[in-house]
Amino acid sequence: MSKFDLIVTNGKVVTAADISTCCIGIKDGKIRALAESFTTDEVEGARVIDAEGAYVMPGGIDAHVHLSQDLKTGPHALGGECADNFETGSKSAAAGGTTTIITFATQTRAEEDRSLINVITAYNARAEATGSYVDYGFHIIIVRNDTDVLEKEMPILMNEWGVSSCKLFLTYETQRMTDSQLLDVMFAAKKNSMTTMIHAENGDMIQWLTDKLEKKGMVAPYYHALSRPPLVEGEATNRAIALAQLIQNPILFVHVGSALGARNVRKAQTMGLPVYAETCPQYFHLTWEDLKRFHSPTCFENSKMICSPPPPPDASDQEELFVGLENGTFTIYSSDHCPFRYDDPRGKPAGVLEDAASMEGEHHCTGDELQSLLKRKQGSFRLIPNGIPGVETRLPLLYTGALSTGRITPQKFVELTSTNPAKLYGLYPRKGAIMPGSDADLVIWHPEDSFKGFDLTNSMLHHNADYTPYEGMNFSNWPRYTILRGKVIWADGEIQGKPRDGQYLKRGPSKLVRGAAKVTQDPRRVATWLYE
Ligand code: URP
Ligand code: ZN
Ligand code: ZN
Ligand code: ZN
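Residues numbered from 1 in each chain as written. Chains lettered and ligands numbered in written order. Predicted model: local features only at pLDDT ≥ 70, side-chain atom pairs only at ≥ 80, totals over all residues.

> When you look at the overall build of the protein chain in this model, what are you seeing that I'm missing?
In terms of regular secondary structure, the protein chain is built from 14 helices and 21 strands. For 532 residues, the compact-globule formula gives about 24 Å, and the C-alpha radius of gyration of the protein chain, at 23 Å, lands near that figure. Dimensions of the protein chain, computed from the C-alpha atoms along their principal axes, are close to 75 × 60 × 45 Å. Counted over contacts in the protein chain with a minimum sequence separation of 6, partners at least 24 positions apart contribute 79%. (Helix = DSSP H or I, 4+ residues; strand = E, 2+ residues; numbered from the N terminus. Rg over C-alpha atoms; globule rule 2.2 N^0.38 Å. Contact = placed C-beta atoms within 7 Å.)

So, in structure tokens, the structure goes:
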């Protein structure tokens, strides 16, 4: 019997704390030993991967991925048909160095979705139908405040399903809740130690601005951004912080995209409040200008860049967001992979024709074509499904934009992309760590001195979306090997894993989220009596 199945040598092994030049010994899917070197006897019978001096990091954990999600929830919601199922989305994750994804099971307001257990059970069946190339867990999106259901089912979600996080919305007609409804769900989450994720955009501001823009005929994709200026996120983050503070519930803001949102988070953190934040690649690599990128400002093809919150107005916001990555304002960096195809009438073109099924052939609209659609009142940014693909490009974009440029250290890279998501979502130290006993999930990059970088095209990617927002962009590095529990699932540009390699992850409560800080909390001003 060999001591190890796999040994990784000659790498710069990076954790959230350190960089060392050690060898990693792997057996039965677990990391068993870290050592300066192994003896000939120890190496005997093991496969050896020579990292050739490249960075070796814990496999990426992407805690914000939409796969096989029913998004057909109508105007003011996401709309559209999710382009990736668990098979294609997880393959794409593997090719981009990610070994764990957390995806969203969505409650709707339909009566059969009252039960959150039903929602999770049905969603789980979608994952099981295809299998996954990487390990996966679920968040639950809650859109109703049925307190009887929350009381009965949250403990089951936490303890039996290991679903230890929920997402709540302040926008999208079919998902948003009023402040009192938000308080109901946050209160239940607090009592059950479930981590509360918040989509912070002010739905009323968006609707009001959208109506005004439409009246002026400003309906091209670009105007999606003008319907959601940074104040929309600014107001919603402040309001959600106040609601959470009132009942002492820790919160995490997902996909923070504006400097104003980041400043509000930072202020709350400085007050000692347990407020956390996620940001995503699109907020560092796209701006409002990219919503005018194709052909002409009115070209419908610009719908490919629509996501909510939108990218920030310009590079000045991005500078502040980079500071937030570096100084701890942002706890995690996820993709918000939410793929829609451009050649599928149920994808991005669903924004042009409400009866999208009748749309045939070529979906590229010139300015003139779009204008004629609009005259027939058939198109508006309001109807375009929100979301862009990015699970595969997440780590390489952070490498290219922040690690290669010296904006963040390799340790910070690991903290944001793997260790903190593992701690935040109850997977640590099984995931997000390189230490004996942890799952042998690794990403090995190309050695920096020999890899020259390349220009990305969508054909290189493994998702089922028919475009990438980063077409033509130069990447300084890319994962050379992705290893899931000791199995090489991606090597030198080839998928080596199988759709049944991934396992469902029952998650525990957060190891990062702490309770409310006592110092700033006067019990008369915040409702601590609720818990007496
Ligand atoms: O536009 C986005 N972000 N689509 C994904 C859904 C969400 O709100 O996360
Ligand atoms: Zn969201
Ligand atoms: Zn999302
Ligand atoms: Zn065009």
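And the narrative resumes.
> How should I be thinking about the packing of helix H8 (residues 230-246) against helix H9 (residues 259-270) in this particular structure?
Each pair of packed helices can be summarised by the angle the axes make with each other and by the distance between the axes. The contact between H8 and H9 brings their axes to 7 Å, and the two run at 20 degrees. As the angle between them shows, H8 and H9 are arranged roughly parallel. Here H8 runs over H9; the crossing is right-handed. In this structure, H8 uses Pro 230, Leu 231, Glu 233, Gly 234, Thr 237, Asn 238 and Ile 241 to contact H9, whose residues at the interface are Ala 259, Leu 260, Gly 261, Asn 264, Val 265 and Ala 268. For the contact of H8 with H9, a count of residues per class yields seven nonpolar, five polar and one charged. (Axes fitted to C-alpha atoms, helices over the stretch in contact; angles between N-to-C directions. Parallel < 35°, antiparallel > 145°, perpendicular 65-115°, else oblique. Left-handed = near helix turned anticlockwise from the far one by under 90°. Nonpolar A, V, L, I, M, F, W, Y, C, P; charged D, E, K, R; others polar.)

> What's the story with the domain arrangement of the protein chain in this structure? I'm lost.
Interfaces are often sized by the amount of accessible area the parts lose when they come together. Taken as a whole, the protein chain is organised into domain 1 (6-58 + 432-495) and domain 2 (60-394). Relative placement of domain 1 and domain 2: their C-alpha centres are 30 Å apart. If you look at the interface, domain 1 gives 19 residues, while domain 2 gives 32 residues. At the level of elements, strand S19 (479-484) and strand S20 (487-491) are the ones that each hand at least two residues to the side of domain 1 that touches domain 2. When residues in the side of domain 1 that touches domain 2 are grouped by element, the largest group, three residues, is from S19. A per-class count over the side of domain 1 that touches domain 2 returns 11 nonpolar, six polar and two charged. (Domains from an automatic or database assignment.)

> Even after reading the chapter, I still don't get the sheet that holds strand S8 (residues 60-65), so can you show me in this structure?
Strand-to-strand pairing in sheets goes through backbone hydrogen bonds, with the strands running parallel or antiparallel. Strands sit in the order S8-S9-S10-S11-S12-S13-S14-S15 across an open sheet of eight strands; the sheet is parallel. A strand with exactly one partner marks an edge of an open sheet, and here the two such strands are S8 and strand S15 (332-333). Where strand S13 (residues 251-253) lies against strand S14 (residues 275-279), three bridges are found, and the strand directions are parallel. Directly across from Leu 252, in S14, lies its bridge partner Tyr 276. Contacts from helix H14 (residues 410-424) reach S8, strand S12 (195-199), S13, S14 and S15, with the element oriented near 65 degrees to S8. (Pairing = 2+ DSSP bridges.)

> Can you help me understand the confidence of the model for the protein chain in this one?
Low pLDDT marks stretches whose predicted atomic positions should not be read closely. Averaged over every residue, the pLDDT of the protein chain is 92; residues scoring 70 or more account for 92%. Every residue in residues 73-77 scores below 50 in pLDDT, and together they form 15 contacts with partners more than four places removed in sequence or on other chains. Throughout residues 354-363 the model reports pLDDT below 50, and contacts reaching past four residues in sequence, or to other chains, amount to 14 contacts. Overall fold confidence (pTM) sits at 0.96, and the ipTM for the predicted complex is 0.97. (pLDDT = per-residue confidence, 0-100.)

> What exactly am I supposed to notice about the site of ligand 1 here?
Neighbouring ligand 1 are 10 residues; Cys 307, Ser 308, Cys 338, Asn 386 and Gly 387 lie closest to it. Of the residues that constitute the shell around ligand 1, the class distribution is three nonpolar, six polar and one charged. (Near = placed C-beta within 6 Å.)

> Got a minute to help me understand the environment of Asn 458 in this structure?
Inspection of the secondary structure puts Asn 458 in the loop between strand S17 (454-455) and strand S18 (474-475). Using a count of 15 C-beta atoms within 10 Å as the deciding quantity, one classes Asn 458 as partly exposed. The spatial distance from the C-alpha of Asn 458 to the C-alpha of Tyr 470 is 8.3 Å, given a sequence separation of 12 residues. Among all residues touching Asn 458, those that are not within four sequence positions of it are Asp 466, Tyr 467, Thr 468 and Glu 471. (Buried ≥ 20, exposed ≤ 12 C-beta atoms within 10 Å, placed from the backbone.)

> Can you walk me through helix H6 (residues 203-215) in this structure?
Side chains three or four residues apart in an α-helix point the same way, a direct result of the helix having 3.6 residues per turn. Relative to the 18 Å expected for 13 residues at 1.5 Å per residue, H6 spans 18 Å between its end C-alpha atoms, a close match to the ideal helical length. Two residues or fewer after H6 comes Gly 217, characterised by a positive phi angle close to 75 degrees. (Expected span 1.5 Å × (residues − 1).)

> Please clarify how the UniProt feature "modified residue: N6-carboxylysine" (unreviewed entry) in the protein chain should be interpreted in this entry.
Under the UniProt annotation, "modified residue: N6-carboxylysine" (unreviewed entry) lies at Lys 167. Inspection of the secondary structure assignment puts Lys 167 in strand S11 (residues 165-169). With residues near it in sequence (within four places) discarded, Lys 167 still touches Phe 104, His 139, Ile 141, Met 197, His 199 and Val 254. (UniProt positions renumbered as here; feature names shortened; annotations may be inferred.)

> How do you make sense of the packing of helix H4 (residues 147-161) against helix H5 (residues 179-191) when you look at a structure like this?
At a minimum axis separation of 10 Å, H4 and H5 run at an interaxial angle of 20 degrees. One way to sum up the angle between H4 and H5 is to call them roughly parallel. Seen from above, H4 lies across H5 with right-handed handedness. Of H5, the residues touching H4 (which contributes Thr 147, Leu 150, Glu 151 and Met 154) are Asp 184, Val 185 and Ala 188. Residues of the contact of H4 with H5, tallied by class, amount to four nonpolar, one polar and two charged.

> What exactly am I supposed to notice about the pairing of strand S4 (residues 23-27) here?
Both faces of the sheet carry side chains from a regular strand, because those side chains alternate between them. Across the five residues that make up S4, a large majority, four, are buried. In this structure, strand S1 (residues 6-9) lies alongside S4, joined through three bridges in antiparallel fashion. The residue of S4 that forms the bridge with Val 8 is Ile 24. Pairing of S4 with strand S5 (residues 30-35), which is carried by five bridges, proceeds in the antiparallel orientation. Considered in S5, the bridge of Lys 27 is made with Lys 30.

> Quick question: what am I supposed to make of the environment of Gly 432 here?
Locating Gly 432 in the fold gives a position in the loop between H14 and strand S16 (442-445). Overall, Gly 432 belongs to the buried group, with 29 C-beta atoms counted inside 10 Å. In this view, Gly 432 contacts Pro 58, Ile 61, Ser 418, Thr 419, Pro 421, Ala 422, Lys 423 and Leu 427; residues no more than four positions away in its chain are not counted.

> What's the story with the nonpolar core in this structure? I'm lost.
The nonpolar side chains of a soluble globular protein tend to be buried with one another. Ranked by size, the top nonpolar core spans 132 residues in total, and within it Val 8, Val 56, Ile 120, Ile 140 and Ile 444 carry the most contacts. Here this core spans two domains, since at least three of its residues come from each of domain 1 (6-58 + 432-495) and domain 2 (60-394). Dropping the residues within four chain positions of it, Val 8 is found in contact with Cys 23, Ile 24, Ile 49, Ala 51, Val 56, Leu 442 and Ile 444. Of all hydrophobic cores here, the second largest spans 16 residues; its members include Val 219, Ala 220, Tyr 222 and Ile 384. (Core = buried A, V, L, I, M, F, W, Y, C linked by C-beta atoms within 7 Å.)

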